[in-house]
Amino acid sequence: KRIIFNPMPVKELKYAKYYTNTVYGKAGIEWHQNNVFNIKLTVPVGSTAEVYLPLAYGKNITESGKSINAHKIIKEDADYKVIEIGSGDWNFLIK
């Protein structure tokens, strides 16, 4: 019960959204870009997700206004910070 969210924003696309119903509940992602990058995620109950947070917009990343430092960081390179999250609704802002 693991989901990988790896958004790959391009300049021509300002918004993307995809949700699906799984046997564990609703799962999905939507993102917006306009000088900042906003990612909203839904992870079903009892599941975890590996989230690739693109650093092209900056390294200041918050989740619902709070630092993401409490989350398990899986890896980080010049392009992405990858974290692990649990079930629920998540709202990340990168600037």
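Above this text you will find the structure in question.
Here the structure is a predicted model, which means the values were calculated and not measured.

Regarding the sheet that holds strand β6 (residues 61-63)
- Taken in spatial order, the six strands line up as β2-β3-β4-β10-β6-β7 in an open sheet, and their pairing is antiparallel. Looking along the sheet, the strands with just one partner apiece sit at the ends: β2 (15-22) and β7 (66-67).
- Bridge count for strand β4 (residues 37-43) against strand β10 (residues 88-94) is seven bridges, and the pairing is antiparallel. Residue T42 lies in a different strand from β10, and its bridge partner there is D89.

Structural notes on the packing of aromatic side chains
- Overall, the coordinates contain four aromatic pairs when judged by the stated rule.
- Between the aromatic rings of Y52 and Y80, the centroid separation amounts to 5.8 Å while the plane-to-plane angle is 80°, which identifies the pairing as edge-to-face. Placement of Y52 in strand β5 (residues 48-54) and of Y80 in strand β9 (residues 80-85) is noted, with a sequence separation of 28 residues between them. Neither Y52 nor Y80 differs from the other in exposure class; each is buried.
- Arranged with centres 6.3 Å apart and planes meeting at 10°, the rings of W90 and F92 form a pair that is stacked.
- For W90, a relative accessible area of 17% gives the class buried.
- Judged by its relative accessible area of 0%, F92 is buried.
- Chaining the aromatic ring pairs together yields one cluster made of W31, F37 and Y57.
- It is K26 that lies over the ring of Y19; its NZ or CZ is 4.6 Å from the centre.

How each quantity is defined
- Residues numbered from 1 in each chain as written.
- Predicted model: local features only at pLDDT ≥ 70, side-chain atom pairs only at ≥ 80, totals over all residues.
- Heavy atoms only, no water.
- Pairing = 2+ DSSP bridges.
- Helix = DSSP H or I, 4+ residues; strand = E, 2+ residues; numbered from the N terminus.
- Phe/Tyr/Trp six-rings, centres within 6.5 Å; stacked < 30°, edge-to-face > 60°.
- Buried < 20%, exposed > 50% of the residue type's maximum accessible area, 1.4 Å probe, protein only.
- Lys NZ or Arg CZ within 6 Å of the ring centre and 35° of its normal.

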